[in-house]
Amino acid sequence: MDWLAGWTYRAAVTIDADQVGTGGVANFPVLLTAANMPATMWAQLANADGRDLRVTSSDGTTVLNHELVSITPATPALEMWVSVPSVASASDTTLYLYWGNSAATMPSAASQQAVWTGAGYSAVYHLLEDAAGATGAALYADATGLGHTGLDYVSATDKTGIIGAGQQFDGSNDFVRVLDADDLDPGSGDFTVSVWLKGITMERMALGKYSPSPPWPGWNLGYSVSPHGYCRWAVFDGVHLYPDFDGTHVNIVDGGWHHLLGTLSRADAALYLWVDNISEGSSDQPVIGTVNTAENLVLGARFNGGSLFWNGSLDEVRVATVARTAAWVTTEYNNQSSPGTFYKVGAAETAATGARGSIFNSGVFHSRVLGDRSFSW
Ligand SMILES: [Ca+2]
Ligand SMILES: [Ca+2]
Ligand SMILES: [Ca+2]
């Protein structure tokens, strides 16, 4: 097994095939947290900001793009998303996490954003930012780099999330506004919206981008339908009043965190909704036309921040211009709800370095003295 040149330490990260949806997923952003990480790693980082962290594929040298959202070695805490080209359901997927290289620099913003754009996302909000007041300032970063920054109309201060920090909404007048853009609407293509939410009040809206006037062109996800707190996923094309439909299985306003994913598949001419990896079924309404509205996207309310204010918290809001499969939903839910179950981490390995060669734990000796010959044992 080759070693990434310049790095001192590594550990194998093994994704459990049983945690991956049947058929596997491609270009999947895998969440790595402090769960299962070697205890020695935190003090061995070349810099506390984690600039020397790298993840490779199973060959040990092919560096994968990652976004490092946050790291606090002293806690320890980590939120890191790695773009994995193929995550299999038939066999475990091995990656290598490297650290310990004082010459390493932070990966470029473009490479970090590619984790998301490479997976079809058009907007991704980790919601870790915080600022006092509700000034409308551009605050909540869009991790895709596509510039859909969220404007801060949130006065609530609780930052408890399910993946790192999240954002509380006060249920009175808090919301985040994202200005309209074509890639925040389905148009004539596929579309997916997902969110983690925690709510305590009926008939509130987690995410909405639709007109306040019938036939309400646009879309919304996470309307907690009274009286049971069931979830709605709706896409309105401006001609058909529907399709939309309500889930019937999971109460999303019971005070706990829930994962919602609504998708629009043109191939199937259908909407699908999952809540906590439980299929809420599909719409049985007519084929949807083009969906393109000039309305702004709003987190924590509907109608540009006009009503149905969310009372609770949101985290990891994502918009994608592709349809997601059941396998994707399962993999995403398992990874994000319990990272420490999704992957295991092997013991830390150390690269021993000689004056004219390097000895690696895998049992290979590379010698430049002898003309770049390798010996295995
Ligand atoms: Ca977060
Ligand atoms: Ca604020
Ligand atoms: Ca407020």
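Residues numbered from 1 in each chain as written. Chains lettered and ligands numbered in written order. Predicted model: local features only at pLDDT ≥ 70, side-chain atom pairs only at ≥ 80, totals over all residues.

**Student:** What exactly am I supposed to notice about the overall build of the protein chain here?
**Tutor:** Helices and strands together make up the secondary structure of the protein chain, namely four helices and 27 strands. Computed over its C-alpha atoms, the radius of gyration of the protein chain comes to 22 Å, within 12% of the 21 Å expected for a compact globule of 377 residues. If one aligns the C-alpha atoms of the protein chain with their principal axes, the spans along those axes are about 80 × 45 × 35 Å. Looking at the protein chain as a whole, 45% of its 377 residues are labelled buried. Residue pairs in contact within the protein chain that sit at least 24 positions apart in sequence constitute 69% of those at least 6 positions apart. (Helix = DSSP H or I, 4+ residues; strand = E, 2+ residues; numbered from the N terminus. Rg over C-alpha atoms; globule rule 2.2 N^0.38 Å. Buried ≥ 20, exposed ≤ 12 C-beta atoms within 10 Å, placed from the backbone. Contact = placed C-beta atoms within 7 Å.)

**Student:** Could you clarify how one ought to interpret the domain arrangement of the protein chain in this entry?
**Tutor:** Interface size is commonly expressed as the accessible area that is lost once the parts come together. Each domain of the protein chain was delimited in the assignment, giving domain 1 (9-115 + 339-376) and domain 2 (121-321). Using C-alpha coordinates to define each centre, domain 1 is positioned 33 Å away from domain 2. Across the contact, seven residues belong to domain 1 and seven residues belong to domain 2. Elements supplying a minimum of two residues to the side of domain 1 that touches domain 2: strand E4 (66-72) and helix H2 (109-117). Ranked by residues supplied to the side of domain 1 that touches domain 2, first place goes to E4 with three residues. Here the side of domain 1 that touches domain 2 is built from residues that sort into three nonpolar, two polar and two charged. (Domains from an automatic or database assignment. Nonpolar A, V, L, I, M, F, W, Y, C, P; charged D, E, K, R; others polar.)

**Student:** Help me understand the nonpolar core, please; the structure alone is not making it clear to me.
**Tutor:** Nonpolar side chains tend toward joint burial in soluble globular proteins. The biggest cluster of nonpolar side chains holds 98 residues, and the ones touching the most others in it are Val30, Leu97, Val176, Val195 and Leu314. Taken domain by domain, the makeup of this core includes at least three residues from each of domain 1 (9-115 + 339-376) and domain 2 (121-321). Those residues in contact with Leu314 that lie beyond four places of it in its chain are Leu127, Gly166, Gln167, Phe169, Val195, Trp196, Leu197, Ala206, Leu299 and Gly300. (Core = buried A, V, L, I, M, F, W, Y, C linked by C-beta atoms within 7 Å.)

**Student:** Help me out: how do you make sense of H2 in this one?
**Tutor:** One turn of the α-helix equals 3.6 residues, which is why residues spaced by three or four share an orientation. Along H2, the residues classified as buried are Gln112, Val115 and Trp116. Down the axis, H2 shows its buried residues gathered within 95 degrees of arc, on one side only. (Arc of directions from axis to C-beta.)

**Student:** Sorry, what's going on with the sheet that holds strand E5 (residues 77-87) here?
**Tutor:** The pairing of strands in a sheet comes from backbone hydrogen bonds and takes either a parallel or an antiparallel form. Strand order in the open sheet formed by three strands is E2-E5-E4, and the pairing between neighbours is antiparallel. Each edge of the open sheet carries a strand with a single partner, namely strand E2 (25-32) and E4. The sheet shows a mean angle of 20 degrees between the axes of neighbouring strands, direction not considered. Two elements, E2 and E5, share seven bridges in a ladder whose sense is antiparallel. Across the sheet, the residue bridging to Leu32 is Met80, located in E5. Packing against the sheet, H2 makes contact with E2, E4 and E5, and its axis sits at approximately 110 degrees to E4. The strands touched by helix H3 (residues 326-337) are E2 and E5; relative to E2, the strand with the most contacts, the crossing angle is about 10 degrees. (Pairing = 2+ DSSP bridges. Axes fitted to C-alpha atoms, helices over the stretch in contact; angles between N-to-C directions.)

**Student:** Mind showing me how you'd approach H3 here?
**Tutor:** For H3, built from twelve residues, the straight-helix expectation of 16 Å at 1.5 Å per residue is met to within 8% by its first-to-last C-alpha distance of 16 Å. All buried positions along H3 are accounted for by Trp328, Val329, Thr331, Glu332, Tyr333, Asn335 and Gln336. For H3, the elements touching its buried residues are E2, E5, strand E17 (257-265), strand E18 (270-275) and helix H4 (339-342). (Expected span 1.5 Å × (residues − 1).)

**Student:** Sorry, what's going on with the environment of Gly161 here?
**Tutor:** Position of Gly161 relative to the elements: it lies in the loop between strand E9 (150-153) and strand E10 (167-170). Note: C-alpha distance between Gly161 and Leu127 (34 residues apart in sequence) is 8.4 Å. Setting aside anything within four residues of it in sequence, one finds Gly161 in contact with Leu127, Gly166, Ser313 and Asp315.

**Student:** In this structure, what is going on with the pairing of strand E12 (residues 191-199)? I would like to understand it.
**Tutor:** Two faces belong to every sheet, and in a regular strand the side chains alternate between them. Across the nine residues of E12, nine count as buried, placing the element largely inside the fold. On E12, burial covers both faces: Phe191, Val193, Val195, Leu197 and Gly199 on one face and Thr192, Ser194, Trp196 and Lys198 on the other are all buried. As paired strands, E12 and E17 are joined by eight bridges and run antiparallel to one another. If you follow Val195 over to E17, its bridge partner there is Leu260.

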